[in-house]
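Geometric and topological summary
For reference, the chains in residue letters:
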Amino acid sequence: MNEVFLTAANQFRQKLPQLTQNQEAALLYRNSLKVLSSWAVDREIFLTESEKLRARFDSERGCSSAKAARLLKDGKAELFANTHPDPYCVPYMPGGSLFMRNPPLPIEIC
C-alpha cells in the first residue's frame with residue numbers, strides 16, 4: 001500500500017473513546033469475572049472466588065488517581081497472565097459446540 005492510501009484511510013479510521021478510570025476499572029472487573037468463569041469448574045467455586053475478587057476491587061475504592069492508574073496497569077497485567085488457554089464459550093455462539101448444528105436450508109431447496 002502506498003502512502004497516499006494510508007493517509008486517506010487514517011482520516012476515516014475511528015479513534016477509540018477515552019475511558020475514565022471508573023470505566024476502566026469496571027471493564028477490568030468484568031473481564032476478570034469472564035476469565036474466572038473459564039477457570040472455575042463449579043458454580044460454588046466461582047461464587048466464592050468472585051466474592052474474593054470483588055473484595056479486592058472494593059478495598060481500593062476511592063484511592064488517588066495515581067494509585068488507581070498503577071492498580072489498573074497491574075490488574076491488566078495480572079489478567080493477561082491468568083488468561084485461560086481455552087476460554088469458555090457459550091455453546092450456541094461461534095466457536096461453541098452447538099453453533100450451526102442445524103444450519104438453515106439453502107435457498108435453492110426452499
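Below or above, wherever it landed, is the structure these notes cover. Counting starts from 1 at the beginning of each chain's written sequence and moves along it residue by residue. Local features in this predicted model are restricted to residues of pLDDT 70 or higher, and side-chain atom pairs are both shown and tallied only at a pLDDT of 80 or more, whereas totals for entire chains, interfaces and linings draw on every residue. In computing side-chain properties, one takes all heavy atoms of the structure into account and sets aside hydrogens as well as water.

**Quick word on the overall build of the chain**
Put simply, the rule is: What counts as a helix is a DSSP run of H or I of at least four residues, what counts as a strand is a run of E of at least two, and both are numbered from the N terminus. In this description the radius of gyration comes from C-alpha coordinates, and the expected globular size is given by 2.2 Å times residues to the power 0.38. In this scheme, a residue with accessible area under 20% of its type's maximum is buried, one over 50% is exposed, and one in between is partly exposed, where area comes from a 1.4 Å probe on protein chains only. A contact between two residues is defined here by any heavy atoms of the two lying within 4.5 Å. To measure how exposed things are, a 1.4 Å probe is used in the Shrake-Rupley method; for residues, cover is taken only from the protein chains shown.
Helix and strand counts for the chain stand at four helices and zero strands. In the chain, the order of α-helices and β-strands from amino to carboxyl end is α-α-α-α. Taken over C-alpha atoms, the radius of gyration comes to 21 Å for the chain, far larger than the 13 Å a tight globule of 110 residues would show. Counting only C-alpha atoms, the chain reaches 60 × 50 × 20 Å along its principal axes. For the chain, buried positions account for 15% of its 110 residues. Sequence separation of at least 24 residues holds for 55% of the intrachain contacts in the chain that already meet a minimum separation of 6. Surface summary for the chain: the accessible area is close to 9,600 Å², and the carbon and sulfur share equals 60%.

**Quick word on helix H3 (residues 43-59)**
Our working definition: To estimate the expected span of a helix, subtract one from its residue number and multiply by 1.5 Å. Here the arc refers to the set of directions running from the helix axis out to each C-beta atom.
Helix length check: H3 (17 residues) gives 24 Å between terminal C-alpha atoms against 24 Å at 1.5 Å per residue, within 8%. The set of residues buried in H3 consists of Phe46, Ser50 and Leu53. Down the axis, H3 shows its buried residues gathered within 60° of arc, on one side only. Exposed side chains of H3 directed beyond 90 degrees from the buried face belong to Glu44, Glu51, Lys52 and Ser59.

**With respect to the packing of helix H2 (residues 21-39) against H3**
For the record, the criterion: With axes taken as lines fitted to C-alpha atoms, and helix axes fitted only over the stretch in contact, angles between N-to-C directions fall between 0 and 180 degrees. Oblique is the label for any angle not under 35 degrees, not over 145, and not in the 65 to 115 range, which are roughly parallel, roughly antiparallel and roughly perpendicular in turn. Rotating anticlockwise by less than a right angle from the far helix to the near helix defines a left-handed crossing, while the corresponding clockwise rotation defines a right-handed one. Gly falls in the polar group here, along with every residue not listed as nonpolar (Ala, Val, Leu, Ile, Met, Phe, Trp, Tyr, Cys, Pro) or charged (Asp, Glu, Lys, Arg).
One way to put it is that H2 packs onto H3 with a least axis distance of 10 Å and a crossing angle of 160°. Between H2 and H3, the interaxial angle falls into the category roughly antiparallel. Between H2 and H3 lies a crossing whose hand is right-handed. In this structure, H2 uses Ala25, Leu28, Tyr29, Ser32, Leu33, Leu36 and Ser37 to contact H3, whose residues at the interface are Phe46, Glu49, Ser50, Leu53, Arg54 and Phe57. Of the residues contributing to the contact of H2 with H3, the split by class is eight nonpolar, three polar and two charged.

**Regarding the environment of Phe5**
Its place among the elements puts Phe5 in helix H1 (residues 3-12). Owing to a relative accessible area of 47%, Phe5 belongs among the partly exposed residues under this scheme.

**Quick notes on the packing of aromatic side chains**
To keep things clear, this is the line we draw: Two rings from Phe, Tyr or Trp (for Trp, the six-membered ring) form a pair when their centres sit within 6.5 Å of each other. Planes less than 30 degrees apart are called stacked, planes more than 60 degrees apart edge-to-face, and all others tilted. We count a charge as sitting over a ring when the NZ of a lysine or the CZ of an arginine lies within 6 Å of the ring centre and within 35 degrees of the ring normal.
Following the criterion strictly, the structure yields one aromatic pair and no others. On the numbers, 5.1 Å between centres and 75° between planes, the contact of Tyr29 with Phe57 is edge-to-face. Here the residue Tyr29 occupies a position in helix H2, and Phe57 occupies one in helix H3, the gap between them amounting to 28 residues. A relative accessible area of 18% places Tyr29 in the buried class. Take Phe57: its relative accessible area is 25%, and that puts it in the partly exposed class. Here the guanidinium or amino end of Arg54 rests over the ring plane of Tyr29, the centre of that ring lying 5.2 Å away.

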